[in-house]
Amino acid sequence: MKVRKDVVDELLEYNREFVKNERYKEFKTTKYPDRKIAILTCMDTRLTNLLPAALGLKNGEVKMIKNAGGIISDPFGSSIKSLLVGIYELGVEEIMVIGHTDCGAQHICEEVMEKEMLERGIPERTIELLKGELDFHGWLSGFDSVEGSVINTVKAIREHPLVPKDVDVSRFLIDSHTGELTILDRS
Ligand SMILES: [Zn+2]
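The structure reproduced in this document is the subject of the present report.

### Things to note about the overall build of the protein chain
Helix and strand content of the protein chain: seven helices and five strands. Taken from the N to the C terminus, the helices and strands of the protein chain come in the order α-β-α-β-α-β-α-α-α-α-β-β. With the C-alpha coordinates of the protein chain rotated into their principal frame, the extents come out at 50 × 50 × 35 Å. Pairs at least 24 residues apart make up 71% of the contacts formed inside the protein chain by residues separated by at least 6 positions. Per element, the accessible surface of the protein chain, about 12,300 Å² overall, is 55% carbon and sulfur. Charge separation in the protein chain, taken as the distance between the mean sites of 25 positive and 32 negative side-chain charges, equals 7 Å.

Structure representation (structure tokens):
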């Protein structure tokens, strides 16, 4: 635990200097995305700075929604809610769903994660109870291909009963190494 605390302490120390030196000034913007775009993509660490840099995006230009795999796992979950807030409250007119090469979420395995949960002290009974409540396996499993996953995600957004038809939803694939963006389908 000590090591983890040191890492957070380092961040806190940096933060104090950042504010003290008014470094925030270069990031000044509003809550409204200037380019009227929302991007749904993966939380992969390689994309944190690479994706905005490769697309020439600056602070304040897009709404960036991220999760493991960049997917819509629940039609009334937080990712779709974020997109709806972007559309209705913040002026989003176009949604880009961006999958990426070598996505770690593709290969996650429910059985393996369940074993790790048990080893980390989650009671077996809790897992069994949840299996009765939801599609535990489907929820915690990966997907066959990134392209297929992005198709499903775009479909879930386009066909969502609360997403207006005038919002464009397109799908892309970004190279996790070079940042090259490939158009898979653009409406
Ligand atoms: Zn990923």
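Having put the structure on the table, let's press on.
### Quick word on a nonpolar patch on the surface
Nonpolar side chains collect at one region of the surface, where L130, L134 and W139 lie side by side and expose about 290 Å² of accessible area between them. Here L134 lies in the loop between α5 (124-133) and α6 (136-139).

### What to know about the sheet that holds strand β1 (residues 37-42)
Taken in spatial order, the five strands make up an open sheet running β2-β1-β3-β4-β5, and their pairing is mixed. In the strand order of this sheet, the two ends are held by β2 (62-67) and β5 (181-185), each with one partner. Across this sheet, the average inter-strand angle for adjacent strands is 25°, counted without regard to direction. Pairing between strand β4 (residues 168-174) and β5: four bridges, direction antiparallel. Each residue of the ladder has a partner; that of I174, found in β5, is L181. Across the sheet, helix α2 (residues 47-55) lies against β1, β2, β3 (94-100), β4 and β5, angled at about 140° from β1, the strand it touches most. Helix α3 (residues 78-90) rests against β1, β2 and β3 of the sheet, and its axis sits at about 170° to β2.

### Concerning the pairing of β2
Taken together, the six bridges between β1 and β2 define a ladder with parallel strand orientation. Paired with C42 across the two strands is N67, which belongs to β2. As for the winding sense of the linkage, the β-α-β connection from β1 through α2 to β2 is right-handed.

### Here's the deal with the side chain of D44
Of note, D44 is situated in the loop between β1 and α2. There is a polar contact of 2.7 Å between the side chain of D44 and the side chain of R46. With near-sequence residues (within four places) excluded, D44 lies in contact with H100 and D102.

### Quick word on the packing of helix α4 (residues 110-119) against α5
Interhelical geometry of α4 versus α5 gives an angle of 145° and a closest axis separation of 9 Å. Contacts between α4 and α5 involve E110, E114, M117 and L118 on the former and, on the latter, E124, I127, E128 and K131. Grouping the constituent residues of the contact of α4 with α5 by class yields three nonpolar, no polar and five charged.

How each quantity is defined
Residues numbered from 1 in each chain as written. Predicted model: local features only at pLDDT ≥ 70, side-chain atom pairs only at ≥ 80, totals over all residues. Heavy atoms only, no water. Helix = DSSP H or I, 4+ residues; strand = E, 2+ residues; numbered from the N terminus. Contact = heavy atoms within 4.5 Å. Areas by Shrake-Rupley, 256 points an atom, 1.4 Å probe, with all protein chains shown as cover. Lys, Arg positive; Asp, Glu negative; His and termini not counted. Charge placed at Lys NZ, Arg CZ, Asp CG, Glu CD. Patch = residues over 30% accessible without salt bridge, like charges linked within 9 Å, V, L, I, M, F, W, Y side chains within 5 Å. Salt bridge = Lys/Arg side-chain N within 4 Å of Asp/Glu carboxyl O. Pairing = 2+ DSSP bridges. Axes fitted to C-alpha atoms, helices over the stretch in contact; angles between N-to-C directions. Right-handed = clockwise from strand over helix to strand, strands pointing away. Polar contact = N/O pair within 3.5 Å; in protein donor to acceptor, adjacent residues only side chain to side chain. Nonpolar A, V, L, I, M, F, W, Y, C, P; charged D, E, K, R; others polar.

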